[in-house]
Amino acid sequence: MGAIGAAAALGNEALPGTLPQELRGELIAFRRDLHMHPELGNQEIRTTAVIKERLERAGLAPRVLEAGTGLVCDIPGSAGGPALALRADIDALPIPDTKTVPYRSTVPGRAHACGHDVHATVVLGAGLVLAALAREGRLERPVRLLFQPAEEVLPGGAQDAIECGVLDGVGRILALHCDPKVDAGRIGLRTGAITSACDRLEVALAGPGGHTARPHLTTDLVTAAARVAIEVPALLARRVDTRAGLAVTWGRLETGHAPNVIPQCAELSGTVRCLELEAWREAPDLVHAAIDEVAATHRAKSEVRYIRGVPPVVNEADSTALLEAAMTTRFGAGTVEETQQSLGGEDFSWYLEHVPGAMARLGVRTPGSTVSRDIHQGDFDVDESAIAVGVELLTAAAFLSTGDR
């Protein structure tokens, strides 16, 4: 990545790709329009259409993915070679928008509470800037814009997009994710795992049932379910290196209908999260064995449905260095902070199973604000100045990666 260091030494003045003033207001309006019209995973028909229309007005030729939502768009470079992909996710969450703002969601029970409207707007803005520079012959490396559907739907829309060939001809992929704990104007970076693996777990327990007066004559299924809920996480903590961070957390336990009847069935569901890739690969067998063991101790039959979600996002070193160089070149020293690994899951990880890449955390908190917000909450919102920061970060990365072949 010597070319990155050499280009970074030029400083921001010599680096193309700043966001024109006339586009800044347009992009904020575009983000607000997406925010008002959130669509769930694999239902992003309108979202796909408005992104496609704006790219076409810029003289580009976006292609809608085979499933009918999401799209890719190539910006040719004068030097050819493998493309740099810029990925955004575009789906919303099934939660109500509780904010009181003019751009509040107009769809009941739906909200862009994870910042995907910002992600899409940033990649769109970067595409518009890079397309203008490409027409002037100033963009050497090809760039592929990827607007991916269904990130919030396990195992994520990334796998479907990959099967559609979105990584064909791609040499590196970058992404941003909103972080309400980081100030606008800054990003968080980490080499290595920046998110965790996340899988879904569904367990059904069965027994003959009976009267609560005679639990010794049957399977006390309520106690069995309680023991599975408590003992399985504890058992796994002794069977996996604690540094792997393998954790089972239950979100639902349901059984029984009457206080004096021992039920015949019980159900538990939750998530399995893991910090390390290798431990994640072993997790299904380990979790299944632990559940069967605890259930058998209480004479309950167990049926386990382990649903693969996503592996950790593991930021590749050179790609992380590229994002750091782009940010510091564009915005100066002190705008990049070390970030911790999150226990959240992100299907950007699937792309990194095929090509090198990295994800940065885009600061969206208003500097000096004492308001505490978090993603996946109905009151989530962003400082919209972060949009311009994201655009200029990605355009800088596109130019600094020119020597990356």
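Just above, that's the structure.
Residues numbered from 1 in each chain as written. Predicted model: local features only at pLDDT ≥ 70, side-chain atom pairs only at ≥ 80, totals over all residues. Heavy atoms only, no water.

A. Expanded view of the overall build of the chain. For the chain, the helix and strand inventory stands at 9 helices and 16 strands. Relative to the compact-globule value of 22 Å for 405 residues, the chain shows a C-alpha radius of gyration of 24 Å, a close match. Its C-alpha atoms put the chain at 85 × 45 × 45 Å along the principal axes. Out of the 405 residues in the chain, the part that is buried amounts to 53%. Considering only contacts in the chain between residues 6 or more positions apart, those separated by 24 or more positions represent 82%. Surface summary for the chain: the accessible area is close to 16800 Å², and the carbon and sulfur share equals 52%. Separation of charge centres in the chain, based on 38 positive and 52 negative side chains, amounts to 2 Å. (Helix = DSSP H or I, 4+ residues; strand = E, 2+ residues; numbered from the N terminus. Rg over C-alpha atoms; globule rule 2.2 N^0.38 Å. Buried < 20%, exposed > 50% of the residue type's maximum accessible area, 1.4 Å probe, protein only. Contact = heavy atoms within 4.5 Å. Areas by Shrake-Rupley, 256 points an atom, 1.4 Å probe, with all protein chains shown as cover. Lys, Arg positive; Asp, Glu negative; His and termini not counted. Charge placed at Lys NZ, Arg CZ, Asp CG, Glu CD.)

B. Examining the pairing of strand S8 (residues 197-206) more closely. Pairing of S8 with strand S12 (residues 265-274) involves 10 bridges; the strand directions are antiparallel. Considered in S12, the bridge of Cys198 is made with Arg273. Sheet topology note: the S8/strand S13 (residues 301-310) ladder contains 8 bridges and is antiparallel. Bridging from a neighbouring strand, Arg200 pairs with Ile307 of S13. (Pairing = 2+ DSSP bridges.)

C. The nonpolar core, seen in detail. Core analysis: the largest hydrophobic core is formed by 62 residues, its most contacted members being Ile51, Leu55, Leu86, Leu145, Phe147 and Leu362. Counting residues per element, this core draws most heavily on helix H9 (residues 385-400), which supplies 12 residues. Among residues more than four places away in sequence, those in contact with Leu362 are Val118, Val122, Leu176, His177, Cys178, Asp179, Arg186, Ile187, Ala386, Val389 and Gly390. Counting residues in hydrophobic clusters, the runner-up holds 53 residues, among them Ala85, Ala225, Cys274 and Val310. (Core = buried A, V, L, I, M, F, W, Y, C linked by side-chain atoms within 4.5 Å.)

D. Molecular detail of the sheet that holds S13. Reading across the sheet, the 4 strands line up as S10-S12-S8-S13 and stay open at both edges, with antiparallel pairing between neighbours. Both edges of this open sheet fall to strand S10 (247-255) and S13, since each of them pairs with a single strand only. Taking each pair of neighbouring strands and ignoring which way they run, the sheet shows an average axis angle of 15°. Relative to S10, helix H6 (residues 221-237) is tilted by about 175°, and along the sheet it contacts S8, S10 and S12. (Axes fitted to C-alpha atoms, helices over the stretch in contact; angles between N-to-C directions.)

E. Up close: the pairing of S12. Relative to S12, S10 runs antiparallel, the two being bridged by 8 bridges. Note that in S12 the partner of Trp250 across the bridge is Gly270.

F. Expanded view of the side chain of Asp117. Note on placement: Asp117 falls in helix H4 (residues 116-135). On the accessibility criterion, Asp117 (1% relative accessible area) is buried. When neighbours within four sequence positions are excluded, Asp117 is seen to be in contact with Arg31, Leu34, His35 and His112.

G. Structural context of the packing of helix H3 (residues 45-57) against H4. For the pair H3 and H4, the least separation of the axes is 10 Å and the interaxial angle reads 15°. Taken together, H3 and H4 sit at an angle that is classed as roughly parallel. When the axes of H3 and H4 are compared, the crossing they make is right-handed. Where H3 abuts H4, its residues Ile51, Arg54 and Leu55 lie against Ala120, Leu124 and Leu128. Classifying every residue of the contact of H3 with H4 by side-chain character gives 5 nonpolar, no polar and 1 charged. (Parallel < 35°, antiparallel > 145°, perpendicular 65-115°, else oblique. Left-handed = near helix turned anticlockwise from the far one by under 90°. Nonpolar A, V, L, I, M, F, W, Y, C, P; charged D, E, K, R; others polar.)

H. Layout of the pattern of salt bridges. Using the criterion set out here, one finds 30 salt bridges in the structure. Note that Asp89 is salt-bridged to Arg87, the shortest N-O span being 3.7 Å. Taken individually, Asp89 and Arg87 each receive the classification buried, so the pair is uniform in this respect. Where Asp347 meets Arg87, a salt bridge forms, and the shortest distance between an N and an O atom there is 2.6 Å. Of this pair, Asp347 sits in the loop between strand S15 (336-338) and strand S16 (357-365) while Arg87 sits in strand S3 (residues 83-89), placing them 260 residues apart in sequence. The residues Asp347 and Arg87 share a single accessibility class, namely buried. Through salt bridges with shared partners, a single network forms among Arg31, Arg32, Asp117, Asp381 and Glu384. (Salt bridge = Lys/Arg side-chain N within 4 Å of Asp/Glu carboxyl O.)

I. How the structure looks around the packing of aromatic side chains. In this structure the tally under the stated criterion is 2 aromatic pairs. Relative to Trp350, the ring of Trp280 lies with its centre 6.1 Å away and its plane at 65°, an arrangement referred to as edge-to-face. You can see Trp280 sitting in helix H7 (residues 277-297) and its partner Trp350 sitting in the loop between S15 and S16, a full 70 residues away along the chain. Trp350 shares its class with Trp280; the two are buried. Taking the centre distance of 5.9 Å and the plane angle of 55° together, the rings of Phe348 and Tyr351 count as tilted. We note Arg308 situated over the ring of Trp280; from NZ or CZ to the ring centre the distance is 3.8 Å. (Phe/Tyr/Trp six-rings, centres within 6.5 Å; stacked < 30°, edge-to-face > 60°. Lys NZ or Arg CZ within 6 Å of the ring centre and 35° of its normal.)

J. Inspection of the sheet that holds strand S2 (residues 71-75) at higher detail. In space, the 8 strands of this open sheet follow the order S1-S2-S4-S3-S5-S16-S6-S15, with mixed pairing throughout. Each edge of the sheet is formed by a strand with only one pairing partner; in this case those strands are strand S1 (63-64) and S15. Two elements, S3 and strand S5 (residues 170-183), share 5 bridges in a ladder whose sense is parallel. The partner of Ala85 across the bridge, within S5, is Ile173. Packing of H4 onto the sheet brings it into contact with S2, S3, strand S4 (143-148), S5 and S16, and relative to S3 it is tilted by some 150°.

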